[in-house]
Amino acid sequence: MNEQAPAPKKSLGQHWLHDQSVCRRITQLSAAAPNQPILEIGPGAGALTQVLLETGARVTALETDLGAISFLNEKFEAEIESGQLRIIEGDGRFFELPSPATIPWTVVSNLPYNVGTIIFLNLLNQAEKIERMVLMFQAEVSQRILAEHGSKNHGFLSVLTSLEWDKRRGLKVRPGAFKPPPRVQSEVIVLEQAAPGRGWANPRDEFRKFVDICFRNRRKMLRNVLTRNGYTDEQVRAGFSTCKLTDKTRAEAIPAILFPELFHALQEHETLQIETKG
């Protein structure tokens, strides 16, 4: 790492990647190619940015640290001047991706551990603009994203991800690849847009809240969780019957693909109840 680079800030959860072999492997996983639009969230001192630029990709780097931005503007002055690189001051938790002109975005990031999940959820909300994500997480979080039903890690993140993305583990990254070295293990995961036919239920915000409710009390049977969060016994019975679930079913046992069906079944029965009363 360039000695002139500003020091990573603990307050921002920064652990800047400096291992060139890891940067090259992440770039390979991103399938970066000439003129491909790439959003890099949290470029830090620019080690990964450099390798991405070498592929000819057009990189938009989103950074919240003003010291890092100043350093990157100087380091990549030529690439910025040519239009290959654009550096934006912004926060990945709230950033709205521009609609792609032709090719959807590829998102690449060494996510800050303290806000990585929030940034990831923001990206999931913009799935229609993205074709691929290559993201570094704390290993514990990546395991929750990659989990399948029946696993103790299957939950809110794995359901929302599985419905719109094909997912796989990319590589494990040792603590020494970062400055400063984190006290936890890290993993890179690869997410690619799934084939049409899968997806969140609409309205998306309501469906996301529904999945969150389902996993609030993991040890309790889902029937009890739902009735304690505003759903009637009649709604739940009808929804479970439609989805062929039993009264003893727990959320972690349900495949991701069934959650939209259950959501719709509960909503439809609520509508029927209202029409009947009317």
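Preceding block: the structure.
Residues numbered from 1 in each chain as written. Predicted model: local features only at pLDDT ≥ 70, side-chain atom pairs only at ≥ 80, totals over all residues. Heavy atoms only, no water.

Working definition: the strands of a sheet are paired by backbone hydrogen bonds and lie parallel or antiparallel to each other. Judged by pairing direction, the sheet is mixed, and its 7 strands sit side by side in the order S4-S3-S2-S5-S6-S9-S7 without closing on themselves. Two strands in the sheet have a free side with no partner beyond their single neighbour: strand S4 (85–89) and strand S7 (165–173). Recorded for the sheet is a direction-independent mean angle of 20° between the axes of neighbouring strands. Relative to S4, strand S3 (residues 58–63) is paired through 5 bridges, and the arrangement is parallel. Considered in S4, the bridge of Val59 is made with Leu85. With respect to the sheet, helix H3 (residues 66–75) is in contact with S3 and S4, its orientation differing from that of S4 by roughly 160°. In the packing of helix H5 (residues 116–124) onto the sheet, contacts are made with strand S2 (37–41), strand S5 (105–110), strand S6 (130–138), S7 and strand S9 (186–193), and the angle to S6 comes to roughly 170°. (Pairing = 2+ DSSP bridges. Helix = DSSP H or I, 4+ residues; strand = E, 2+ residues; numbered from the N terminus. Axes fitted to C-alpha atoms, helices over the stretch in contact; angles between N-to-C directions. Contact = heavy atoms within 4.5 Å.)

What follows concerns the side chain of Thr161. Within the fold, Thr161 resides in helix H7 (residues 156–162). Here Thr161 falls in the buried class, since its relative accessible area comes to 0%. (Buried < 20%, exposed > 50% of the residue type's maximum accessible area, 1.4 Å probe, protein only.)

Let's shift gears to the nonpolar core. Grouped together as the largest cluster of nonpolar side chains are 55 residues, with contacts concentrated most on Met133, Phe207, Phe210 and Leu226. Not counting residues up to four positions away in its chain, the partners in contact with Leu226 are Phe210, Ile213, Cys214, Tyr231, Val236, Phe240 and Leu266. If you look at the next biggest cluster of nonpolar residues, it comprises 34 residues, including Val22, Ile26, Ala45 and Val108. (Core = buried A, V, L, I, M, F, W, Y, C linked by side-chain atoms within 4.5 Å.)

Function cannot be read off these values alone, since they describe shape.
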